[in-house]
Amino acid sequence: MNMLNRLQSVSKIWSPKSPRVVLIDPENPLATAPPAEAAGSDGGRQVAKNGVHADGGGSVSESLVPYGSAAVEPTPAPEPRGKRGRGLLLLSLGAGILLAGGLAIAGFSNWWNHLQVPGSVADEEYHAYDRTVAQYEKWRSEILDRINGAGNGAGAGPAKKFGLFEAKTHLPPEEAVHACLRRHLPGYVTIDSIEPVGYRSVGNAEELDYRVTVESAVDLYVVPALAAPGPPDNAPELVKQVWPDLLWDATLPPGMEFKAGEKDRYLLTKADQKLSFLWKIEKAQIVDGKWRIQRVAPPLLEWNNGFLAAGLDNTLQGGGAIPPLFLCRSKDLGEYSDSFDRCLTAVKTRYDDMEADIAQAKKELGLEVAKAPGGIRKGIDMAAVKQARSDAFNDGMNKGQDFSDNVLANAEGSTGIGVVPYAEMAAPVLFGLFHSKKAEKEEIARQRAAARAEYRARMARHARQAKEAEQKGNQYQAQQESKFVQDYRDLASKRVADIREFIQKIAVAEDEAGRAKDNRALREQ
C-alpha cells in the first residue's frame, strides 16, 4: 500500500460520523423519512413523535424530530465522501511538511550555532623579552609614521562588511578579541568598538585586521628622551664636570631628559575623544576546539612595563639614530619640566653650599695662624742701655786702673815732667767713659739686631703657619670637591644599575611566563 492510500485509510478509520437530523412534518401522517436515511440496520421504523427512536433499532448517527421544533436548527446537506477525503489528505500533507520544515530549521540552527568555534579569553600569546623589544620597535615605528603624517588612516571610510559565513568561520569570537586587546591597553583607555576589516588565511591560521575605536580618560602624548643640553658657559668647572651624571628625571638614565616642550611633544589623543586606528592579529588559529590568539601587533596606545624596559634599554644604548619614545599623560609633562628645574636648582644649591663650607673652613684655619708682625720693632730699651753703659764704665775703670798702675807708674821716672800723676789719675775715668760709650752703641745695635731677628722669626713662623693652613684648606677643598663629583657619579651609577635590574626583572618575568605557558600546553596535550 502506498503512502497516499495509507493516508486515505487512516482518514476513513478516524473520521467521526456526525449525527444527522431528519425533519418530519407532524401534520402529515403519511410523511416518512427517506429510506436511505430513516432505515436502521433492520429497516424498521423507529421514529416517534418526540423524535427519539421507538425501538432502539435506528442508526446511531441520526435522530428524527418534529418539523418546526424550536429546539433544532436545519442541518446543511452532507458533503460527498470523495471531497471530504481530499481535504483530510491535504491537511495531513501540510502537517507533515510543517513538521519536516521545523525539523530542518532546528537542525540548521543547531549546525549554525555550532559553526562558530568558541574562543579563549586567556593569554595565549608568545612571551619573551626579545619579542617585547621587537614589539616596542614596531610601535615606535608606527608612532613616527603617524608623527610624520603617514598614519594608517584607520578613521577614514566604513569598515568592510563580512558575510555571515566568513564571520563564523574565519574570525575569532568578539569576546576573545576584546579580551586580547584589553590586555594591551592601559587601564585608563576604554574600548569603544572593534570592527573586522580584513583577513588572510595563512596555512591553518588566520591573519586579521581590525579597526579599533577607543577613548582615553586623559590626554596622551608621545615624548622623546634625549641627552640634556650642555651646561651654561658661566657654570663652574666642577658643575660642568658632573653635568653628564646629573639625574634630570626620576625614571631616565643620567644625563637624559624628556623633551616635553610644545615643539617636541606629540598629542596622540585628547581626553574623552574617540580615536581610531588599525590593529592586526598576526596569528589566530583553532587549537583543541578553541580559537586562540597567539600573536598580535602592538596597538597604537599600548604601553606596559615591557615597553618601558625596552625604552630605557634603548636610552642606555644611546638611542641610536632614532630617539626612544615614551607614552605619557598630560600631567606628566609638567612633572618632566619640574624635574629638570628641581635638578638644576639642587645642583646649584649644593655647589654653593660646598663653596660656603670650604670658605668657612679656610677662615677657621686662618684664625689659627699667628698674626704677622706689622714691622720691625723700633723702640730701644734704655734701661738695658744704661745698664750696659754702667757695666762698661766700671769695666773700663778697672782696665784704666790697670793701665795706670802698670804703664804710667813705670813711665813716671823717665818722663822728667810732672804730668804722670795726673794721667795716672785720669786713665781709669777715660777708660770707663770710652768703654761706656762703646757699650751703649753695642747695646743699641744689639737691640736693633734682636728686633730684626725677632721680626724675621715671627714672619717665618707666620708664613709657615699660613702655608700649613692653606695646605689644610686646599686639602679640605679637594676632599669636598672630590666628594661632590663622586656623589653624583655614585648616584648615576646606582641609577644605571637600578634600570638594568628593572630590565632584567622584566625580561626574566616575560621569559618565565612564556616557559610556563609552554609547559602548560605540553601538559594539556
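Residues numbered from 1 in each chain as written. Predicted model: local features only at pLDDT ≥ 70, side-chain atom pairs only at ≥ 80, totals over all residues. Heavy atoms only, no water.

Caption draft 1: How the structure looks around the overall build of the protein. When its secondary structure is counted, the protein shows 11 helices and 10 strands. For the protein, contacts bridging at least 24 residues in sequence account for 77% of all contacts bridging at least 6. As presented, the protein carries roughly 31,900 Å² of accessible surface, and 56% of it is formed by carbon and sulfur atoms. (Helix = DSSP H or I, 4+ residues; strand = E, 2+ residues; numbered from the N terminus. Contact = heavy atoms within 4.5 Å. Areas by Shrake-Rupley, 256 points an atom, 1.4 Å probe, with all protein chains shown as cover.)

Caption draft 2: Representation of the nonpolar core. If you look at the biggest cluster of nonpolar residues, it comprises 54 residues, and the most contacted ones within it are Tyr-210, Trp-279 and Ile-281. Beyond its immediate chain neighbours, meaning those up to four positions away, Ile-281 contacts Val-177, Glu-206, Glu-207, Leu-208, Tyr-210, Ile-293, Arg-295 and Val-296. Grouped together as the second largest cluster of nonpolar side chains are 17 residues, Ala-235, Trp-243, Trp-248 and Val-347 included. (Core = buried A, V, L, I, M, F, W, Y, C linked by side-chain atoms within 4.5 Å. Buried < 20%, exposed > 50% of the residue type's maximum accessible area, 1.4 Å probe, protein only.)

Caption draft 3: Quick peek at the packing of helix α4 (residues 129-147) against helix α8 (residues 305-316). Put simply, α4 and α8 touch, their axes get as near as 9 Å, and they point 80 degrees apart. Classified by the interaxial angle, the pair formed by α4 and α8 is roughly perpendicular. Touching Tyr-129, Thr-132, Val-133, Gln-135, Tyr-136, Glu-137, Trp-139 and Arg-140 of α4 are Gly-306, Phe-307, Ala-309, Ala-310, Gly-311, Asp-313 and Asn-314, all from α8. Taken together, the residues of the contact of α4 with α8 break down into seven nonpolar, five polar and three charged. (Axes fitted to C-alpha atoms, helices over the stretch in contact; angles between N-to-C directions. Parallel < 35°, antiparallel > 145°, perpendicular 65-115°, else oblique. Nonpolar A, V, L, I, M, F, W, Y, C, P; charged D, E, K, R; others polar.)

Caption draft 4: Structural view of the pattern of salt bridges. Going through the model one piece at a time under the given rule, you end up with 24 salt bridges. In this structure, Glu-257 and Lys-259 form a salt bridge, with 2.9 Å as the shortest nitrogen-oxygen distance. Judged by its relative accessible area of 11%, Glu-257 falls in the buried class. Put simply, Arg-329 and Asp-332 hold a salt bridge, and the shortest N to O gap is 3.5 Å. One salt-bridge network, in which partners are shared between bridges, spans Arg-131, Lys-138, Glu-282 and Arg-295. (Salt bridge = Lys/Arg side-chain N within 4 Å of Asp/Glu carboxyl O.)

Caption draft 5: Spotlight on the side chain of Glu-257. Positionally, Glu-257 belongs in strand β6 (residues 256-258). Within the structure, the side chain of Glu-257 is placed 2.9 Å from the side chain of Lys-259, a separation counted as a polar contact. Those residues in contact with Glu-257 that lie beyond four places of it in its chain are Pro-224, Ala-225, Leu-226, Ala-228, Pro-229, Trp-248, Leu-252 and Phe-340. (Polar contact = N/O pair within 3.5 Å; in protein donor to acceptor, adjacent residues only side chain to side chain.)

Caption draft 6: Representation of the sheet that holds strand β8 (residues 274-287). Read across the sheet, four strands follow the order β3-β4-β8-β9 without closing on themselves; strand pairing throughout is antiparallel. Every interior strand has two partners, whereas the edge strands, β3 (189-202) and β9 (290-296), have only one. Going across the sheet, the axis of each strand differs from the next one's by a mean of 35 degrees, ignoring polarity. Where β3 meets strand β4 (residues 205-216), 12 bridges bridge the pair, whose relative direction is antiparallel. Bridging across to β4, Arg-200 finds its partner in Glu-207. Contacts from helix α6 (residues 174-183) reach β3, β4, β8 and β9, with the element oriented near 115 degrees to β3. (Pairing = 2+ DSSP bridges.)

Caption draft 7: Broad picture of the confidence of the model for the protein. Across the protein, the average pLDDT comes to 78, with 71% of residues at or above 70. Between residues 1-72, whose pLDDT stays under 50, and residues either more than four places distant or in other chains, the model counts 76 contacts. Low confidence marks residues 414-419, where pLDDT is under 50. Its contacts with residues over four positions away, or in another chain, come to one contact. (pLDDT = per-residue confidence, 0-100.)

Caption draft 8: Seen up close, the pairing of β4. The buried count for β4 comes to nine of 12 residues, which makes it a mostly enclosed element. Hairpin remark: β3 followed by β4, antiparallel, with two residues in the connecting loop; positive phi at Gly-203, about 65 degrees.

Caption draft 9: Fine view of the packing of aromatic side chains. The full count for this structure, using the stated rule, is 13 aromatic pairs. Relative to Phe-307, the ring of Trp-303 lies with its centre 6.0 Å away and its plane at 85 degrees, an arrangement referred to as edge-to-face. Exposure remark for Trp-303: the relative accessible area of 18% places this residue in the buried category. Given a relative accessible area of 1%, Phe-307 falls into the buried group. Clustering of aromatic rings is evident, with ring pairs tying together Tyr-136, Trp-139, Phe-258, Trp-303, Phe-307, Phe-326 and Tyr-336. (Phe/Tyr/Trp six-rings, centres within 6.5 Å; stacked < 30°, edge-to-face > 60°.)

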